[in-house]
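Listed below, chain by chain, are the residues.
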Amino acid sequence: MPSSDDREPAGVVLAGARDECDKETLRVAACLAAREGVSLRVLSAWVFLENVGSLAAMSDGVGRLAADQATATARLVELARKEFPDLTVTEHVVRAGSVSEVLVAATADADVIVIGSRRRSHSMGSPLGRVTHAVLHHAHCPVVVVPHP
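Keep in mind it's a predicted model, so treat the numbers as computed, not measured.

Visitor: How would you explain the overall build of the protein if you had to name every residue and give the values?
Guide: Within the protein, the secondary structure is distributed over five helices and five strands. Mapped from its N terminus to its C terminus, the protein presents α and β elements in the order β-α-β-α-α-β-α-β-α-β. Every one of the 149 residues in the protein was classed for burial, and the buried ones make up 38%. In the protein, 76% of the contacts between residues at least 6 apart in sequence involve partners at least 24 apart. When the accessible surface of the protein is summed, it comes to about 8500 Å², and 54% of that surface belongs to carbon and sulfur atoms.

As structure tokens, then:
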């Protein structure tokens, strides 16, 4: 992995965000992008298998889950656009086999990635989840972790 000194600036702050739980993550990313004068790219990656047991998966299928995820992300992004009207914000919602794989790949074209850390409910082992851990270890750019309450 190249060091950040070897890379040309991409002009992009990447935010990994999915829903309203990620408001603070997106706010931190938007503040950073605005301060640096670069654009903000919001990437929401979701895994179908996380939703297999849900009623939505049984009644409406993958299309409905994809629409719900896109709607949740759009609501979140709209908050950033209202708070930072001069900031260029793009959003991408991706169905993935691995959320961490999608986020790590996206860091190749970003100056920094901002992700939230959802604390595990039990106290044993790492307090970071699998996705946060993978991004911290494999990202191609610096990582900012925003703890969730």
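Visitor: Help me get a handle on the nonpolar core, residues and values and all.
Guide: Ranked by internal contacts, the top residues of the largest apolar core, which has 19 residues, are Val13, Leu26, Leu40, Val42 and Leu87. For this core, the elements supplying multiple residues, two or more each, are β1 (12–16), α1 (23–36), β2 (39–46), α3 (61–83) and β4 (112–117). Counting residues per element, this core draws most heavily on α1, at five residues. Non-local contacts of Leu87, meaning those with residues more than four positions away in its chain, are made with Ala30, Ala33, Ala34, Val38 and Leu40. If you look at the next biggest cluster of nonpolar residues, it comprises 15 residues, including Val99, Val135, Ala139 and Cys141.

Visitor: Can you explain the environment of Pro127? Please cite residues and give values.
Guide: As for its position among the elements, Pro127 is in the loop between β4 and α5 (130–138). With a relative accessible area of 44%, Pro127 lands in the partly exposed category. Measuring from C-alpha to C-alpha, the distance between Pro127 and Ser117 comes to 8.8 Å, with 10 residues separating the pair along the chain.

Visitor: Any chance you could break down helix α4 (residues 99–106) for me, citing the residues and the numbers?
Guide: Listed in full, the buried residues belonging to α4 are Val99, Ser100, Leu103, Val104 and Ala106. Angular distribution of buried residues about the axis of α4 spans 160°; they occupy a single face of the element. Elements in contact with the buried residues of α4: β1, β2, β4 and α5.

Visitor: Give a detailed account of the pattern of salt bridges, specifying residues and quantitative values.
Guide: Two side chains bearing opposite charge may form a pair once their charged atoms approach each other closely. Tallying each qualifying case throughout the model produces five salt bridges. For Glu20, the salt bridge identified is with Lys23, shortest N-O distance 3.5 Å. For the salt bridge of Arg27 with Glu83, the shortest nitrogen-to-oxygen distance reads 3.1 Å. One end of the pair, Arg27, is in helix α1; the other, Glu83, is in helix α3, with 56 residues separating them in the sequence. Its relative accessible area of 35% is what places Arg27 among the partly exposed residues.

Visitor: I'd like to hear about the side chain of Thr132, residue by residue, with values.
Guide: Tracing the chain through its elements places Thr132 in helix α5. Beyond its immediate chain neighbours, meaning those up to four positions away, Thr132 contacts Ile115, Gly116, Ser117 and Val145.

Visitor: Mind laying out the sheet that holds strand β5 (residues 143–147), listing which residues take part and the relevant values?
Guide: As summarised here, the arrangement of the five strands in space is β3-β2-β1-β4-β5, forming an open sheet in which the pairing is parallel. The strands lining the two open edges of the sheet, one partner per strand, are β3 (89–95) and β5. Recorded for the sheet is a direction-independent mean angle of 20° between the axes of neighbouring strands. Where β1 lies against β2, five bridges are found, and the strand directions are parallel. In the strand pairing of β2, Val12 is matched with Ser39. Where α1 meets the sheet, its contacts fall on β1, β2, β4 and β5, and the angle it forms with β4 comes to roughly 160°. Contacts from α5 reach β4 and β5, with the element oriented near 155° to β4.

Reading the values: rules and limits
Residues numbered from 1 in each chain as written. Predicted model: local features only at pLDDT ≥ 70, side-chain atom pairs only at ≥ 80, totals over all residues. Heavy atoms only, no water. Helix = DSSP H or I, 4+ residues; strand = E, 2+ residues; numbered from the N terminus. Buried < 20%, exposed > 50% of the residue type's maximum accessible area, 1.4 Å probe, protein only. Contact = heavy atoms within 4.5 Å. Areas by Shrake-Rupley, 256 points an atom, 1.4 Å probe, with all protein chains shown as cover. Core = buried A, V, L, I, M, F, W, Y, C linked by side-chain atoms within 4.5 Å. Arc of directions from axis to C-beta. Salt bridge = Lys/Arg side-chain N within 4 Å of Asp/Glu carboxyl O. Pairing = 2+ DSSP bridges. Axes fitted to C-alpha atoms, helices over the stretch in contact; angles between N-to-C directions.

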